[in-house]
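# Structural features, examined
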Amino acid sequence: MWFERLEFKPVDGWTFTDANESSIEARQAFTGPKTLVQPQDTFQYIYTLIPAVIPRFLIKPAPGAVIPLGRLDIAWRTTFGEPGRLLTSMLSRRVPQAPPPPIQSALPPHSPSSSSRPSSPVPYQSRQPTRPQTPVHKYQHHNQLHL
């Protein structure tokens, strides 16, 4: 197929500069051997948008707002001369969301000098009367090594 036209049409309030017009390749995009687009060919086009009127005071759009920019109008012909055209839907830019605030812990900060741990509970004590225990005798074993 052959490209006949590739135009960016900005919405009201924007003007643009075509960064593609300055290169020789871009000027030859619709003439000469580059006119014929082969399968798997890829082209990149760059347009710089500028507000038509620059306000005295900078007004920042709300985070998450969608700003309409414009449309691309592309026209071509197939190898048999049949015309084709594509007018894209509105191209836009979404203003990034503000980063979420850091998550604060619900626990108090840990301090090694002050322990917030409750004291240990009293060990379990049986209610039965205590009985005398059998004394433990310590036996010593001597191991000798004979050479």
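Before reading on, note that the structure itself is shown above.
The present account deals with the structure reproduced in this document. This is a predicted model, so every value here is computed, not measured.

## Things to note about the nonpolar core
Among the nonpolar cores identified, the biggest contains 6 residues, and these are Phe3, Leu6, Phe8, Val37, Tyr47 and Ile74. In terms of residue count, the dominant contributor to this core is strand β1 (residues 2–10) (3 residues).

## Describing the packing of aromatic side chains
Each aromatic ring pair is described using two quantities: the centre-to-centre distance and the angle formed by the ring planes. Taken as a whole, this structure holds 3 aromatic pairs when the rule is applied. Aromatic pair Phe8 and Phe16: ring centres 5.4 Å apart, planes at 85°, arrangement edge-to-face. With 5.4 Å between their ring centres and 20° between their planes, Phe8 and Tyr47 make a pair best called stacked. Pair noted here: Phe8 is in strand β1 and Tyr47 is in strand β3 (residues 47–51), with a separation of 39 residues, a long-range link. A relative accessible area of 9% means that Phe8 is categorised as buried. Ring pairs connect the aromatic residues Phe8, Phe16 and Tyr47, which therefore count as one cluster.

## Overview of the pattern of salt bridges
All chains considered together, the criterion is met by 4 salt bridges. Among the salt bridges present, the one from Asp73 reaches Arg85, with a minimum N-O distance of 2.9 Å. Of this pair, Asp73 sits in strand β4 (residues 66–77) while Arg85 sits in strand β5 (residues 83–87), placing them 12 residues apart in sequence. One connected set of salt bridges, linked through shared partners, spans Arg5, Lys9, Asp73 and Arg85.

## A short note on the layout of surface pockets
Considering only enclosed or pocket space, the largest pocket measures out at about 340 Å³ in volume. Looking at the largest pocket, it is lined by 15 residues, and the ones nearest its centre are Trp14, Pro51, Ile59, Pro61 and Ile67. With 3 residues, β4 is the single largest residue contributor to the lining of the largest pocket. Here the residues of the lining of the largest pocket are counted per class, giving 12 nonpolar, 1 polar and 2 charged. Per-domain counts for the lining of the largest pocket show at least three residues from each of domain 1 (1–54) and domain 2 (62–96).

Conventions adopted
Residues numbered from 1 in each chain as written. Predicted model: local features only at pLDDT ≥ 70, side-chain atom pairs only at ≥ 80, totals over all residues. Heavy atoms only, no water. Core = buried A, V, L, I, M, F, W, Y, C linked by side-chain atoms within 4.5 Å. Buried < 20%, exposed > 50% of the residue type's maximum accessible area, 1.4 Å probe, protein only. Helix = DSSP H or I, 4+ residues; strand = E, 2+ residues; numbered from the N terminus. Phe/Tyr/Trp six-rings, centres within 6.5 Å; stacked < 30°, edge-to-face > 60°. Salt bridge = Lys/Arg side-chain N within 4 Å of Asp/Glu carboxyl O. 1 Å grid on protein atoms, 1.4 Å probe; cavity = no way out; pocket = protein on both sides within 12 Å on 5 of 7 lines; lining within 4 Å. Points joined across faces, edges and corners; volume = space filled by probe spheres on them. Nonpolar A, V, L, I, M, F, W, Y, C, P; charged D, E, K, R; others polar. Domains from an automatic or database assignment.

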